[in-house]
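Here's the letter readout for the chains.
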Amino acid sequence: KNQVEQSPQSLIILEGKNCTLQCNYTVSPFSNLRWYKQDTGRGPVSLTIMTFSENTKSNGRYTATLDADTKQSSLHITASQLSDSASYICVVRASGAGSYQLTFGKGTKLSVIP
Amino acid sequence: GAVVSQHPSRVICKSGTSVKIECRSLDFQATTMFWYRQFPKQSLMLMATSNEGSKATYEQGVEKDKFLINHASLTLSTLTVTSAHPEDSSFYICSAIREQGGSVANYGYTFGSGTRLTVV
């Protein structure tokens, strides 16, 4: 069964500090992995997408890494801001013709406090 | 680019009534859209896959007659919750696929802003 596990479930950090969120997956065959940011009461917004051959990808203060061998990914947030408070969701897509479906993690709820 | 508009953002309805939620791709054509439901502190759960011009494909356990999906054009899919009950109260989110760079692997999934449904 395809699964995506995220840790920690929740995290509180001080403004300006860095943090790293983890994602382990068992989706196979693997196509790509995406990180989304979801503000409370809003739809997810894409941060990064990585395919099998990509090890790291950055989007501003967000840097995602992917280790396809160990099936692990991380999202590193640098110099956190209050607006970073949100849920961060790891999403993995399996490959295959016509395979559009995604497997979602439960997300990590990040709270950035002043 | 790749904007998906979802309306309404919030709706309260009486038990037994029906509610329609719209999902529009504003600047691209989406042959495939998805409808999700999300309960508090849970991940998004796929309800159905909506294909333009054909019947939707529902996930196991999702009642077709209760959650009516219509994808009549390349830019609009609607989800109608019929005879809503309090247990249908949830956050409903749509997403649309936009092909990027001709690569299947890089299909972009753009999400709508979600609809908070409360059935009283």
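Residues numbered from 1 in each chain as written. Chains lettered and ligands numbered in written order. Predicted model: local features only at pLDDT ≥ 70, side-chain atom pairs only at ≥ 80, totals over all residues. Heavy atoms only, no water.

## With respect to the overall build of chain A
Each helix and strand counted, chain A has 0 helices and 11 strands in total. Along chain A, from the amino end to the carboxyl end, the secondary structure elements read β-β-β-β-β-β-β-β-β-β-β. Rg of the C-alpha trace for chain A: 14 Å, near the compact-globule value of 13 Å for 114 residues, within the 12% margin. Overall size of chain A, expressed as C-alpha extent along the three principal axes, is 45 × 30 × 20 Å. Relative to its full complement of 114 residues, chain A shows a buried share of 45%. If you take every contact in chain A between residues at least 6 apart in sequence, the share linking residues at least 24 apart comes to 56%. Computed over 11 positive and 7 negative side-chain charges, the inter-centroid distance for chain A is 6 Å. (Helix = DSSP H or I, 4+ residues; strand = E, 2+ residues; numbered from the N terminus. Rg over C-alpha atoms; globule rule 2.2 N^0.38 Å. Buried < 20%, exposed > 50% of the residue type's maximum accessible area, 1.4 Å probe, protein only. Contact = heavy atoms within 4.5 Å. Lys, Arg positive; Asp, Glu negative; His and termini not counted. Charge placed at Lys NZ, Arg CZ, Asp CG, Glu CD.)

## A short note on the sheet that holds strand 8 (residues 72-77) of chain A
Residue and element names in this part refer to chain A. The 5 strands are arranged 1-3-8-7-6 in an open sheet whose pairing can be described as antiparallel. Each of the sheet's edge strands pairs with one partner strand only, and the pair in question is strand 1 (4-7) and strand 6 (56-59). With direction set aside, neighbouring strand axes in the sheet form an average angle of 15°. Sheet topology places strand 3 (residues 19-25) next to strand 8; 6 bridges connect them, and they run antiparallel. Note on strand 8: the bridge partner recorded for Gln 22 is Ser 74. (Pairing = 2+ DSSP bridges. Axes fitted to C-alpha atoms, helices over the stretch in contact; angles between N-to-C directions.)

## What to know about the environment of Ser 77 of chain B
All names here are of chain B. Tracing the backbone through its elements, the reader meets Ser 77 in strand 8 (residues 76-81). Here Ser 77 falls in the buried class, since its relative accessible area comes to 0%. A polar contact is formed between the side chain of Ser 77 and the side chain of Trp 35, at a distance of 3.0 Å. At 3.1 Å, the side chain of Ser 77 and the side chain of Ser 50 are in polar contact. (Polar contact = N/O pair within 3.5 Å; in protein donor to acceptor, adjacent residues only side chain to side chain.)

## Structural notes on the interface of chain B and chain A
Counting residues at the interface gives 23 residues for chain B, matched by 20 residues for chain A. Summed over the shared surface of chain B and chain A, the number is 0 salt bridges. Connecting chain B to chain A are 4 residue pairs in polar contact (both at pLDDT 80 or more). Counting residues per element, the ones that place at least two in the side of chain B that touches chain A are strand 4 (32-38), strand 5 (45-51), strand 9 (90-100) and strand 10 (103-111) of chain B. (Salt bridge = Lys/Arg side-chain N within 4 Å of Asp/Glu carboxyl O.)

## So, the sheet that holds strand 7 (residues 67-73) of chain B
Residues and elements named next belong to chain B. Reading across from one edge, 1-3-8-7 is the order of the 4 strands in this open sheet, with antiparallel pairing throughout. Each end of this open sheet is capped by a strand with a single partner; those strands are strand 1 (4-7) and strand 7. Direction aside, neighbouring strands of the sheet carry axes that sit 15° apart on average. The pairing of strand 1 with strand 3 (residues 19-25) spans 4 bridges and is antiparallel.

## Details of the environment of Ser 25 of chain B
Residues and elements named next belong to chain B. Its place among the elements puts Ser 25 in strand 3. Taking the relative accessible area as the measure of exposure, Ser 25 reaches 4% and is therefore buried. It is 6.6 Å that separates the C-alpha atoms of Ser 25 and Leu 76, two residues lying 51 residues apart in sequence. Look past the residues within four positions of Ser 25 in its chain and what remains in contact with it is Val 3, Val 4, Ala 30, Met 33, Leu 74 and Thr 75. Of note is the side chain of Ser 25, whose polar atom sits 2.7 Å from the backbone oxygen of Phe 28.

## A word on the pattern of salt bridges
For the coordinates displayed, the defined rule picks out 4 salt bridges over all chains. The salt bridge involving Arg 61 of chain A is made with Asp 84 of chain A; its shortest N-O contact spans 2.8 Å. One end of the pair, Arg 61 of chain A, is in the loop between strand 6 and strand 7 (62-67); the other, Asp 84 of chain A, is in the loop between strand 8 and strand 9 (86-94), and 23 residues separate them in sequence. Arg 24 of chain B serves as the salt-bridge partner of Glu 22 of chain B, at 3.4 Å between the closest nitrogen and oxygen. The partly exposed category is assigned to Glu 22 of chain B, whose relative accessible area is 27%.

None of the figures reported here should be taken as evidence of function without further support.
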